Amino acid sequence: MSKNIDLQQEGIQVKKSACYFCHQNCGVLAYVKDGKVLDIEGDPDFPTNQGGLCCRGNIAMDHLDHPARVNFPLKRVGERGAGQWQEISWDQALTEIAEKLANIRDEFGAEAVATAGGTQRTDDWARRRFMNLFGSPNGFHNSHLCWIPTFMVETAIYGWCPFDLDLGSSRCLVLWGQNPGVSGMPEIHHIMELKEKGLKLIVIDPRYSETAAKADMWLPIRPGSDLALALAWLHVIIYEGLFDPEFTDEWCVGFGELAEHVADFSPEWAAPLTWLTEEQIRESAIMYASNKPGNIQWGTSIDQIGKPAGAAMHARALLRAITGNLDVPGSDLLTGPSLEYVTDEEMEANDQLPEEQKAKQIGSDKFKMVTWPGYSRIAELTKEVWGKAPTAEWMCEAHPPSVFRAILTEKPYPVKALLVSATNPINSYGETKLTLAALKAVEFMVTCEYWLTPTAMLSDYVLPIAGALERPTITSSYGCADFLLASQRAIQPMYERRNDYNFWRDLGVKLGQKEMWPWETVEDAYFAKIEPLGYGVESYDEFVENHRFHFPEREYQKYKRIGFATPSRKVELYSSTLEALGYPPLPPYIGPAENETDDPEIAAEYPFVLTTGGGHMPYHHSEHFQIKTLRFLSHEPYMSMNPAAAAKLSIEEGDWVWIETKRGRIKQKANLTQAIDPRVIFTPRGWWYPERDMRDPELGGCLESNTNILTSCDDDDCDPMSGSWANRGLLCKVYKVTAENEKEAK
Ligand SMILES: Nc1nc2c(c(=O)[nH]1)N[C@H]1C(S)=C(S)[C@@H](COP(=O)(O)OP(=O)(O)OC[C@H]3O[C@@H](n4cnc5c(=O)[nH]c(N)nc54)[C@H](O)[C@@H]3O)O[C@H]1N2
Ligand SMILES: Nc1nc2c(c(=O)[nH]1)N[C@H]1C(S)=C(S)[C@@H](COP(=O)(O)OP(=O)(O)OC[C@H]3O[C@@H](n4cnc5c(=O)[nH]c(N)nc54)[C@H](O)[C@@H]3O)O[C@H]1N2
Ligand code: SF4
Ligand SMILES: [Mo]
């Protein structure tokens, strides 16, 4: 019940909306009168947040009508980046954009148009549909850093990604490079309740994080060395006889090869690589393998360690299989796709993209797991066994840094246009100098946004997008869940804002795709998705009002009925799918992207190990820096380092320091804390300063404290399977900012 308004007044409607300020998508009740939102609060009946909202969720009203929001379509009239705009109509904007894209297609081919996204913020199946119908394979997101490679590697091994955790009856939870104490508010509440009931918690994190503080066992790992730990856990579990012989005999192939493969990966071997003790490694492996059922929850760290990322995902995936912690009660569940509603993949029109266009997808020659070569193989198998494929948007994308390079070099071919929606690549993609150079060089750029971000500032058109209260939402884990949570719009979009869906659809219509877009509104499209559920509703809104969720009946051990979606129909500890794609069928050891053993010259100049990112409150990546009530909570960027390391460099608490890698340097303030090893530096992500001059070259100070200046997208630093780049486990140096060194060009 809202405490701020009189609910007895006439004409108040309660709308079942959602927060979209992070992927938790908490349920929100919006109190609406005469088309205006009067107040919001957490929805007590929503299964995840149960009435709670975090500080971001609570500022939804400030976000809705913030004075800095983009409310009308903007067309650039001055130089690129000069901040001179003309307000135009949507019709004019879409007509002009369509004309330009058609010209580029005529001259350079459809593949010369690319699109960039962030992660799971909007209806990306519609973006994919547009791109497929337009004929370009070059859509991408930075989801390479966020679960997508994990999904594909795990699906290669056991036919789907076990992202649904049956935590209620679990006895041990491993949080591997994950910090739900900050990144997943509803989740951490649930975990703490279960801990009271005896759940054992292992946290693998270089920092004594908010979540590590609650752990039964905390493993302060060297950033980027997770692969060595996972291999050593496999060794301990196999050689100390803690595996599940029934499951490995009956349901796995390659156990003998795996045992042989990990014979030398002992805790003694892994200890110096991970900076953990042999006892920590052995005891933690034993804790996971002997408290069954147990879970290993996904955290974003391993996706972001670059070069060893794919092998680390692979080794981590095998841990579930050899312990039998797969699809049994209390373990990690293989739900498969929904067979009951129309999935995102079925909305994408992937069959409309000609084979010769698929073959042109940038990066697919190098990184095969999340591009057409890997995706089509895996999708074929999941279709055979489950009946459906994973979402192609996300799981099958161009390689972002390679597209940026193509813009700059015209190799393998020119890329002339970039449609940006729901991302701020300057702050969130890797190696900012490369990204920024590409955004400046691309001939034509359109951004769909809430704000004039540094990226939007460089665009030719900026289109005003409707936020969470102004649009409906379906939550279904990148379109790959078997359940769905549905929310409705609280109000129609304010000003001239529109949904992203309408951008893609209406642009498609201008380009002759009309008959492929039968759904005029996003609600019409959602209705088409949920209609087969058979609730007998007449509209999407009616579904939300009366049902809101759909959770299918849970069936454990489905593999007993249908097998695993792999060529052998078993869990492939020795993966024939990876082998067929030219990757090692068993996870090899690969050192962190930059490390003291393989790169002694770099280590001599850059003595610290750097990890960039780790979410922090109150921000979501580069979002919400404009919202004063949030900015007040954290108004300057603070990196973390150990006081002992700082003392040697005469750095004191609160000093401005440079953090520098081979790729450049940034300025942040020093937070001296014992929560971090003296050899490690931790920087938060996302920082820019919307209060500064937003024009190029200042662009809101987006180069000053932005940790992605430090990260590496070099092909050699990327995961050879997925191409995900290196944010964590790099080498850096730190020194105090002085008046002199501030003038040096870097
Ligand atoms: N407040 C806030 N919440 C968020 C977000 C946000 O930006 N802000 N973003 C949302 C999104 S999109 C995502 S994907 C999730 C991600 O949320 P999580 O999966 O929790 O990931 P992070 O918070 O990025 O990092 C988790 C932990 O990894 C540790 N870490 C750093 N390097 C390494 C390493 O090399 N190995 C290991 N094992 N650990 C390492 C960090 O110290 C950090 O505590 O959070 C979501 N929630
Ligand atoms: N160094 C480093 N880099 C990282 C990470 C890290 O830990 N370290 N984390 C990575 C991870 S996990 C992620 S998920 C990515 C996030 O990368 P991004 O998704 O690019 O991150 P955001 O800064 O949240 O940018 C989203 C932008 O989209 C806008 N937006 C939000 N919702 C909508 C919408 O519905 N429609 C439209 N059109 N616009 C919208 C917001 O205003 C914002 O400007 O960053 C990655 N980058
Ligand atoms: S955790 Fe916070 S930001 Fe994320 S959906 Fe819930 S209320 Fe919104
Ligand atoms: Mo993410």
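Residues numbered from 1 in each chain as written. Chains lettered and ligands numbered in written order. Predicted model: local features only at pLDDT ≥ 70, side-chain atom pairs only at ≥ 80, totals over all residues. Heavy atoms only, no water.

1. Concerning the sheet that holds strand S2 (residues 27-33)
Right, on to step 1. Taken in spatial order, the 3 strands of this open sheet run S1-S2-S3, and their pairing is antiparallel. Since the sheet does not close on itself, it has two edges, and those belong to strand S1 (13-18) and strand S3 (36-42), each with one partner. Direction aside, the axes of adjacent strands within the sheet are offset by 30° on average.
Right, on to step 2. The pairing of S1 with S2 spans 6 bridges and is classified as antiparallel. Pairing of Ser17 across the sheet is with Val28, part of S2. (Pairing = 2+ DSSP bridges. Helix = DSSP H or I, 4+ residues; strand = E, 2+ residues; numbered from the N terminus. Axes fitted to C-alpha atoms, helices over the stretch in contact; angles between N-to-C directions.)

2. Focus on the site of ligand 1
Right, on to step 1. Around ligand 1 sit 34 residues, and of these Ser183, Asp205, Asp226, Thr611 and Tyr619 come closest.
Right, on to step 2. Ser183 is positioned with one of its side-chain polar atoms (N or O) 2.7 Å from an oxygen atom of ligand 1.
Right, on to step 3. Asp226 places a polar side-chain atom, nitrogen or oxygen, 2.7 Å from a nitrogen atom of ligand 1.
Right, on to step 4. When ligand 1 sits alone it has 900 Å² of accessible area, and the protein chains cover 97% of it.
Right, on to step 5. Tallied by class, the residues present in the shell around ligand 1 amount to 12 nonpolar, 16 polar and 6 charged.
Right, on to step 6. Each of domain 3 (162-333 + 557-580) and domain 4 (600-745) gives at least three residues to the shell around ligand 1. (Near = heavy atom within 4 Å. Polar contact = N/O pair within 3.5 Å; in protein donor to acceptor, adjacent residues only side chain to side chain. Areas by Shrake-Rupley, 256 points an atom, 1.4 Å probe, with all protein chains shown as cover. Nonpolar A, V, L, I, M, F, W, Y, C, P; charged D, E, K, R; others polar. Domains from an automatic or database assignment.)

3. Quick notes on the state of the cysteines
Right, on to step 1. Scanning the entire structure with this criterion turns up 0 disulfides.
Right, on to step 2. For the unlinked cysteine Cys161, the closest cysteine sulfur is that of Cys480, found at 8.4 Å.
Right, on to step 3. Among the cysteines around Cys718, which has no disulfide bond, Cys713 carries the closest sulfur, lying 5.9 Å off.
Right, on to step 4. Taking relative accessible area as the criterion, Cys718 reaches 2% and is therefore assigned buried. (Disulfide = S-S within 2.5 Å. Buried < 20%, exposed > 50% of the residue type's maximum accessible area, 1.4 Å probe, protein only.)

4. A few points about the nonpolar core
Within soluble globular proteins, side chains that are nonpolar generally end up buried alongside one another.
Right, on to step 1. With 88 residues, the main nonpolar core has Trp176, Ile202, Trp233, Met369 and Val571 as its most contacted residues.
Right, on to step 2. If you tally residues by element for this core, the top one is helix H7 (residues 226-239), at 11 residues.
Right, on to step 3. Among all residues touching Trp176, those that are not within four sequence positions of it are Ile204, Asp226, Leu229, Ala230, Trp233, Ile296, Gln297, Gly299, Ile302, Arg316 and Leu319.
Right, on to step 4. In this structure, Ile40, Ala93, Phe134 and Ala486 belong to the second largest nonpolar core, which totals 66 residues. (Core = buried A, V, L, I, M, F, W, Y, C linked by side-chain atoms within 4.5 Å. Contact = heavy atoms within 4.5 Å.)

5. Considering unusual backbone geometry
Right, on to step 1. Omega for the bond connecting Lys292 with Pro293 falls within 30 degrees of zero, at -5°, which places this linkage in the cis form.
Right, on to step 2. As for its position among the elements, Pro293 is in the loop between helix H11 (278-290) and strand S13 (294-297).
Right, on to step 3. Cis geometry is adopted by the peptide bond preceding Pro412, which originates at Lys411 and carries an omega value of 5°.
Right, on to step 4. In this structure, Pro412 sits in the loop between helix H17 (400-409) and strand S15 (417-421).
Right, on to step 5. Phi at Tyr495 takes a positive value of approximately 50°, unusual for a residue other than glycine.
Right, on to step 6. Classification of Tyr495 by relative accessible area gives partly exposed; the value is 41%.

6. Some points on the domain arrangement of the chain
Right, on to step 1. Per the domain assignment, the segments of the chain are domain 1 (13-64), domain 2 (74-144 + 342-550), domain 3 (162-333 + 557-580) and domain 4 (600-745).
Right, on to step 2. Taking only C-alpha atoms into account, the centre of domain 2 sits 30 Å from that of domain 4.
Right, on to step 3. Each partner contributes residues to the interface: domain 2 has 34 residues there, and domain 4 has 32 residues.
Right, on to step 4. Carbon and sulfur atoms make up 59% of the area that domain 2 and domain 4 hide from each other, which totals about 2,700 Å².
Right, on to step 5. Three residues, Phe367, Asn427 and Glu431, lead the burial of domain 2 against domain 4; their summed loss comes to 22% of the area buried on that side.
Right, on to step 6. Between the two partners, domain 2 and domain 4, sit 4 salt bridges.
Right, on to step 7. For the salt bridge of Asp715 with Lys366, the shortest nitrogen-to-oxygen distance reads 3.0 Å.
Right, on to step 8. Counting every contact that joins domain 2 to domain 4 gives 23 residue pairs in polar contact (both at pLDDT 80 or more). (Buried area = accessible area lost by both parts, 1.4 Å probe. Salt bridge = Lys/Arg side-chain N within 4 Å of Asp/Glu carboxyl O.)

7. Topic: the packing of aromatic side chains
Right, on to step 1. Applying the stated rule across the entire model yields 39 aromatic pairs.
Right, on to step 2. A centroid spacing of 6.1 Å and a plane angle of 80° characterise the contact between Phe140 and Tyr429, whose relative ring orientation is edge-to-face. Taken together, the positions of Phe140 in strand S7 (residues 139-141) and Tyr429 in the loop between helix H18 (425-428) and helix H19 (432-441) put the pair 289 residues apart, joining distant regions of the chain.
Right, on to step 3. Residue Phe140 is classed as buried on the basis of its relative accessible area, which comes to 0%.
Right, on to step 4. With a centroid separation of 6.1 Å and an interplanar angle of 35°, the aromatic rings of Phe549 and Phe551 are classed as tilted.
Right, on to step 5. The class of Phe551 is partly exposed, set by a relative accessible area of 48%.
Right, on to step 6. The structure contains a cluster of three or more aromatic residues connected by ring pairs, namely Trp147, Phe151, Trp160, Phe163, Trp386, Trp394 and Tyr478.
Right, on to step 7. One Lys or Arg, Lys358, reaches over the ring of Trp372 and ends 4.2 Å from the middle of that ring.
Right, on to step 8. Across the ring face of Trp275, the terminal group of Arg679 is positioned such that the distance to the ring centre comes to 3.8 Å. (Phe/Tyr/Trp six-rings, centres within 6.5 Å; stacked < 30°, edge-to-face > 60°. Lys NZ or Arg CZ within 6 Å of the ring centre and 35° of its normal.)

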